[in-house]
Amino acid sequence: MLSPMETWLANRYLRIQQYIRQKKVYIAVSHTLGSLLPFVIIGSFLQAFARSALMANGFFYNIYHVGEWLPNARNIGQVVNSLSDITINFSLFIAAFLFAKYLARLYKLNDGIVGWTALLAAMILQTNIVNGLNRVNLVSGLNNNGGGVHNLFVGLIVGYVAAQSYRSLTWIAAHWQHAPVSWQDETFVTRGLQAIFPVSMILAGALGLSFLISLTGQQGFAGLVLYTIALPRWVFSHAIVTIMIITFWNNILNVIGLSGPLSPFTQLTIDSSQSTTNLSTALKNGSLNNLPYPVTFHTIYDTYGAMGGNGMVLVLVFALILFSRQPDRRHVAWWSLFPTLMNFNDIAMVGFPIFFNPIYIVPYLLSPLVGMFVGWVPIHFHWIPPVVYSVPNTTPSFLAGFMGTNGNWAVLLVSVLALIASLLVYLPFIRIDNLVWLKTLAGELPDQQTEEVKISGHEVIAQRTGPAVKKSESY
Amino acid sequence: MAMKLSPNEQAQLSKSPSRIKRIIWLVIALLLVAGMAVPGYFYQKTAVANARVIHNSRMAPVIFIPGSSATQNRFDSLIKELNSRSIGHSYLKITVKTNDELSITGKIGTNDNEPFIVVGFQNNKDGYSNIKKQARWFSIAMKYLQNRYRFNNFVGIGHSNGGLIYTLYLEEYLNQDDLTINKLMTIGTPYNLSEKNIANRTEILTDMIKDRTYLPKNIRMWSIAGTENYSDDGIVPVESVEAGKYVYQDQVKQYTLINVTGDDSQHSDLPQNQEIVGYIQQYMLTNPNQNRPGTRNNTGQGSRNSN
């Protein structure tokens, strides 16, 4: 059933799974992403809806002329968008809380206190102390420094450090303080009192770090991390190899939960002077022949390398709906279909997940390169014109090329070809994923829940009383 | 949670979905895609056509705003004077009514790249609250003009409170992606109303200073003050005109303050002041004499323009 290469990959992957399923960090990350999912689904749905249908530069808003038959659309859009902000753009903090909490459960610590300490630490670190506490950077809009899903790694780091510090600080405290006096047993109160020392030390540490961060002039920890990994402007030369290398680097950052240089909100790719020159040449001549810069980030990466957000996630969503046998993957795929069409890939990143998931990291990195190559070849040989005209925000990416060339059918065809080529990259990995799931169901591979019980004596999140997975799903 | 599955169950799970269901989903998906692609296609055709017209438009009108208590006819004599020194500028007048409707007189010639347009207001009273309303009305007139005549850049001239209306418009209403203002001239504009002492900042000045970062960065700006005596032009104190520097200086590309004295330097006479008409012709007009079909190119009088 599987080709030799797939079998080889499957065996490697099975071994990786066997190994990581016993790791506390991996267990806690899985649970964190799982618990984050409802918030991300709600937030991403609202975000995609508001930005596509209720905002002046949205795709549906423009093509269905929403403003004409729904006069208040833009006001409603503002409200819906701010609702999405407090769910999805709060992910960094939720992740810090949940990750610390689940780690604490695995280490048998007081998970409530540890989780809340991590949340407070994350908030302190995102505050610019020099600029003043009133400028807390919690919901700072959809910019790079925000607490969105794309910066999840920052939350996980804070959660991890908080949990580990709490652990060692309690150990220190226990050896340093005298044993509890015999005439008083441990009570709920004494358990809380023991936490004063570690909690205050962690918060003080966060405060000190935050002060140092604000001395660098950055808005919070996430801002500093992104600033550190940011590439200098001269790197972004518009040549196919550069485009591919930067896309690759960007997507490596994505899979560990950092927004790279090509974040959809930086607009770096669209606002280049090359794009502007192309546009004014096209408007002047009235044709798309002989444009000065056929290969740019906008014509290659935006059009053929980021369908459904970075990493051609739209392709993965289609492929999972078509080929996955796992009910949970299929459900998440259906949920993420609409936001991904509008190029918001957050649900997919958290839901399948793509973050820290060895099986989807490889195609996530490869498929954009394949898609961009498929788009680049005909542009290079002047078989199709590059994308020039601006399209509304959130335009589905397989239409972006078609519309950006003012309705060139060959471009539409190439977009579909790029989609199919990336699908072929994702396909073997989905088959391996199915296989591993079947092996786990059949009991040939120890599942993660068993490992959790082995480590901490209980499942991190208790199994629900109803059946969790249907044994067979009718298609 | 591992459950032992029988080979039968395993086979069930690895079975492919039924073909009919797949085909139904495919049809639905294609319909949805068509529902996005077809309107998207037509939207884009219109959008590109519009973008092309705007991009290739060569028109850059000169748009005047009169001061308080003045109507759309305020600049008639100024424009008569300008047109006597040059040829080919058509003249359009708009009054925005209090119910946001426009009444329009005159028309713009077909080959005119630099028409004169005056925007007046039915409610032309003084006072900050009225000026705010007038700025909004002006933005309505600008939207109309832009849709009707498809220009993407213009030159602004405001007399007296007209300069305040321009400043509020530029700070609050101008969409810099759509429209560029190249040059701005305010004549006898009281940026600090009738306040002589600059230490006493009025509400309107404070607001304009607060929002000054929204001003387009590439304007070339002239502010002209008239003085009959050492302190004012009969109505506006020269200190109030000078207060404009707190709004424009270091915000825009160039800010020049000119002080005009002598004949016709009374506040209401400023637009007819020969010196100021000269400045307008020299700084604000790019095509003093335009070629129009049937008109001989006149390079005679009034070609002081260096451009």
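Definitions and limits used
Residues numbered from 1 in each chain as written. Chains lettered and ligands numbered in written order. Predicted model: local features only at pLDDT ≥ 70, side-chain atom pairs only at ≥ 80, totals over all residues. Heavy atoms only, no water. UniProt positions renumbered as here; feature names shortened; annotations may be inferred. Helix = DSSP H or I, 4+ residues; strand = E, 2+ residues; numbered from the N terminus. Buried < 20%, exposed > 50% of the residue type's maximum accessible area, 1.4 Å probe, protein only. Contact = heavy atoms within 4.5 Å. Areas by Shrake-Rupley, 256 points an atom, 1.4 Å probe, with all protein chains shown as cover. Polar contact = N/O pair within 3.5 Å; in protein donor to acceptor, adjacent residues only side chain to side chain. Pairing = 2+ DSSP bridges. Axes fitted to C-alpha atoms, helices over the stretch in contact; angles between N-to-C directions. Arc of directions from axis to C-beta. Parallel < 35°, antiparallel > 145°, perpendicular 65-115°, else oblique. Left-handed = near helix turned anticlockwise from the far one by under 90°. Nonpolar A, V, L, I, M, F, W, Y, C, P; charged D, E, K, R; others polar. pLDDT = per-residue confidence, 0-100. Patch = residues over 30% accessible without salt bridge, like charges linked within 9 Å, V, L, I, M, F, W, Y side chains within 5 Å. Salt bridge = Lys/Arg side-chain N within 4 Å of Asp/Glu carboxyl O. Core = buried A, V, L, I, M, F, W, Y, C linked by side-chain atoms within 4.5 Å. Domains from an automatic or database assignment. Phe/Tyr/Trp six-rings, centres within 6.5 Å; stacked < 30°, edge-to-face > 60°. Lys NZ or Arg CZ within 6 Å of the ring centre and 35° of its normal.

- If you check an unreviewed UniProt entry, chain A appears there as Permease IIC component from Schleiferilactobacillus perolens DSM 12744.
- Its UniProt record gives chain A a comment under Function (unreviewed entry), which states: "The phosphoenolpyruvate-dependent sugar phosphotransferase system (PTS), a major carbohydrate active -transport system, catalyzes the phosphorylation of incoming sugar substrates concomitant with their translocation across the cell membrane."
- Chain A has a UniProt comment under Subcellular location (unreviewed entry) that states "Cell membrane".

1. As for the overall build of chain A
Here's step 1: Secondary structure summary: chain A contains 21 helices and zero strands in total.
Here's step 2: Each of the 475 residues in chain A was classed as buried or not, and the buried ones make up 54%.
Here's step 3: For chain A, restricting intrachain contacts to residue pairs at least 6 apart in sequence, the fraction spanning at least 24 positions comes to 75%.
Here's step 4: Carbon and sulfur atoms make up 66% of the accessible area of chain A, which amounts to about 20900 Å² in all.

2. Some points on the overall build of chain B
Here's step 1: The helix and strand inventory of chain B stands at nine helices and eight strands.
Here's step 2: Each of the 307 residues in chain B was classed as buried or not, and the buried ones make up 47%.
Here's step 3: Restricting to contacts in chain B with at least 6 residues of sequence separation, those with at least 24 account for 75%.

3. Some remarks on the UniProt feature "transmembrane region" (unreviewed entry) in chain A
Residues and elements named next belong to chain A.
Here's step 1: Here, the residues flagged by UniProt with the feature "transmembrane region" (unreviewed entry) are residues 25–50, 113–133, 195–217, 224–249, 304–323, 344–366 and 409–429.
Here's step 2: Secondary structure across residues 195–217 divides into 87% helix and 0% strand, with the first and last C-alpha atoms of the span separated by 33 Å.
Here's step 3: Structurally, residues 344–366 is divided into 65% helix and 0% strand, and its ends, taken at the C-alpha atoms, are 19 Å apart.

4. Observations regarding the environment of T87 of chain A
Residue and element names in this part refer to chain A.
Here's step 1: Inspection of the secondary structure assignment puts T87 in helix α5 (residues 73–88).
Here's step 2: Sequence separation of T87 and I42 is 45 residues, and the distance between their C-alpha atoms is 7.3 Å.
Here's step 3: Once residues lying within four places of it in the same chain are set aside, the contact partners of T87 are F39, G43 and I94.
Here's step 4: Side-chain polar atoms of T87 contact the backbone oxygen of S84, separated by 2.9 Å.

5. Digging into the environment of I63 of chain A
Here's step 1: Mapped onto the elements of the fold, I63 of chain A is located in helix α3 (residues 59–63).
Here's step 2: For I63 of chain A and P392 of chain A, which are 329 residues apart along the polypeptide, the C-alpha to C-alpha distance reads 9.0 Å.
Here's step 3: Residue contacts for I63 of chain A: discarding those within four places in its chain leaves M36, P39, G40 and Y43 of chain B.

6. Some words on helix α15 (residues 313–323) of chain A
Since the α-helix advances by 3.6 residues per turn, residues separated by three or four positions end up pointing in the same direction.
Here's step 1: Here α15 of chain A lies mainly inside the structure; eight of its eleven residues are buried.
Here's step 2: Among the structural elements, α16 (327–341), α17 (346–351), α18 (358–380), α19 (397–404) and α20 (409–441) of chain A are those in contact with the buried residues of α15 of chain A.

7. Examining the sheet that holds strand β3 (residues 102–107) of chain B
All names here are of chain B.
Here's step 1: On the basis of which strands lie adjacent, the open sheet formed by eight strands has the order β3-β2-β4-β1-β5-β6-β7-β8 and mixed pairing. Bordering the open sheet on either side are β3 and β8 (254–261), each of which pairs with just one other strand. Taking each pair of neighbouring strands and ignoring which way they run, the sheet shows an average axis angle of 15 degrees.
Here's step 2: One ladder, built from eight bridges, connects strand β7 (residues 220–227) with β8; its direction is parallel.

8. A short note on helix α21 (residues 448–456) of chain A
Residue and element names in this part refer to chain A.
Here's step 1: Taken together, the buried positions of α21 are occupied by Q448, E451, E452 and S456. The arc that holds the buried residues of α21, viewed along the axis, is 105 degrees, so those residues lie on one side.
Here's step 2: Buried-residue contacts for α21 involve α2 (24–53) and α6 (91–106).
Here's step 3: Where α21 ends, the next residue or the one after it, G457, has phi of about 85 degrees, a positive value.

9. Side note on the pairing of β3 of chain B
Here's step 1: Pairing of strand β2 (residues 91–96) of chain B with β3 of chain B involves six bridges; the strand directions are antiparallel. Considered in β3 of chain B, the bridge of Y91 of chain B is made with K107 of chain B.

10. Focus: the packing of α6 of chain A against helix α7 (residues 111–125) of chain A
Residues and elements named next belong to chain A.
Here's step 1: Where α6 contacts α7, the two axes come as close as 7 Å, and the packing angle between them is 150 degrees. Taken together, the axes of α6 and α7 lie roughly antiparallel to each other. In this structure, α6 meets α7 at a crossing whose hand is right-handed. For the pair α6 and α7, the contacting residues are L92, F93, A96, F97, A100, K101, A104 and R105 in the first and D111, V114, G115, W116, A118, L119, A122 and M123 in the second.
Here's step 2: In terms of residue class, the contact of α6 with α7 is made up of twelve nonpolar, one polar and three charged.

11. Quick word on unusual backbone geometry
Residue and element names in this part refer to chain A.
Here's step 1: Residue P353 is reached from F352 by a cis peptide bond, and omega for that bond is -15 degrees.
Here's step 2: Looking at where P353 falls in the secondary structure, it is placed in the loop between α17 and α18.
Here's step 3: Positive phi is not limited to glycine here, since K108 has a value of about 60 degrees.
Here's step 4: Within the secondary structure, K108 sits in the loop between α6 and α7.

12. Notes on the packing of helix α12 (residues 240–255) of chain A against helix α14 (residues 297–305) of chain A
Residue and element names in this part refer to chain A.
Here's step 1: Two elements in contact, α12 and α14, have axes separated by 10 Å at closest approach and are oriented at 40 degrees. With respect to α14, the element α12 is oriented oblique. For the crossing formed where α12 meets α14, the hand is right-handed. Across the interface between the two elements, I240, I243, I246, T247 and N250 of α12 pack against F297, I300 and Y301 of α14.
Here's step 2: Looking at the contact of α12 with α14 residue by residue, the class counts come to six nonpolar, two polar and no charged.

13. Things to note about the confidence of the model for chain A
All names here are of chain A.
Here's step 1: Across chain A, the average pLDDT comes to 85, with 90% of residues at 70 or higher.
Here's step 2: Within chain A, the element-level pLDDT minimum falls on helix α11 (residues 220–229), averaging 79, and the maximum on α18, averaging 94.
Here's step 3: When the criterion is pLDDT under 50, residues 136–145 qualifies, and its contacts beyond four places in sequence or with other chains add up to 31 contacts.

14. Side note on a nonpolar patch on the surface
Here's step 1: A grouping of W334 of chain A together with I20, I24, W25, I28 and L32 of chain B is seen on the molecular surface, where their side chains present a nonpolar patch of about 640 Å² in accessible area.
Here's step 2: In terms of residue count, the dominant contributor to the nonpolar patch is helix α2 (residues 19–56) of chain B (five residues).
Here's step 3: Position of I28 of chain B among the secondary structure elements: in helix α2.

15. Points about the nonpolar core
Here's step 1: Core analysis: the biggest nonpolar cluster contains 102 residues, and F352, I354 and L399 of chain A have the highest contact counts within it.
Here's step 2: At eleven residues, α20 of chain A tops the list of elements feeding residues into this core.
Here's step 3: The residue makeup of this core includes at least three contributed by each of domain 1 (4–22 + 232–456) and domain 2 (89–177 + 191–229) of chain A.
Here's step 4: Ignoring any residue separated from it by four or fewer positions in sequence, one finds F352 of chain A in contact with L316, V317, L320, R329, V332, A333, S336, I347, N357 and Y360 of chain A.
Here's step 5: In this structure, F154, L170, L205 and I219 of chain B belong to the second largest nonpolar core, which totals 44 residues.

16. A look at the confidence of the model for chain B
Residues and elements named next belong to chain B.
Here's step 1: The share of residues in chain B with pLDDT of 70 or more is 89%, and the mean pLDDT across the chain is 85.
Here's step 2: For chain B, the element scoring lowest by mean pLDDT is helix α1 (residues 7–14), at 69; strand β1 (residues 62–65) scores highest, at 94.
Here's step 3: Per-residue pLDDT stays below 50 along residues 292–307; that stretch engages in 21 contacts with residues further than four places along the chain or on separate chains.

17. Some remarks on the packing of aromatic side chains
Here's step 1: The final tally for this structure, using the stated rule, is 23 aromatic pairs over all chains.
Here's step 2: Measuring from centroid to centroid gives 4.9 Å for F402 of chain A and W409 of chain A, while their planes differ by 55 degrees, and the two rings are tilted.
Here's step 3: Seen in terms of ring centroids, Y41 of chain B and F42 of chain B are 5.4 Å apart; in terms of plane orientation they differ by 80 degrees. Their pairing is edge-to-face.
Here's step 4: Overall, Y41 of chain B belongs to the partly exposed group, its relative accessible area being 22%.
Here's step 5: Among the aromatic residues, ring-to-ring pairing joins F402 and W409 of chain A together with Y41 and F42 of chain B into one connected group.
Here's step 6: One residue, R167 of chain A, lies across the ring of Y107 of chain A, its end atom 4.0 Å from the ring centre.

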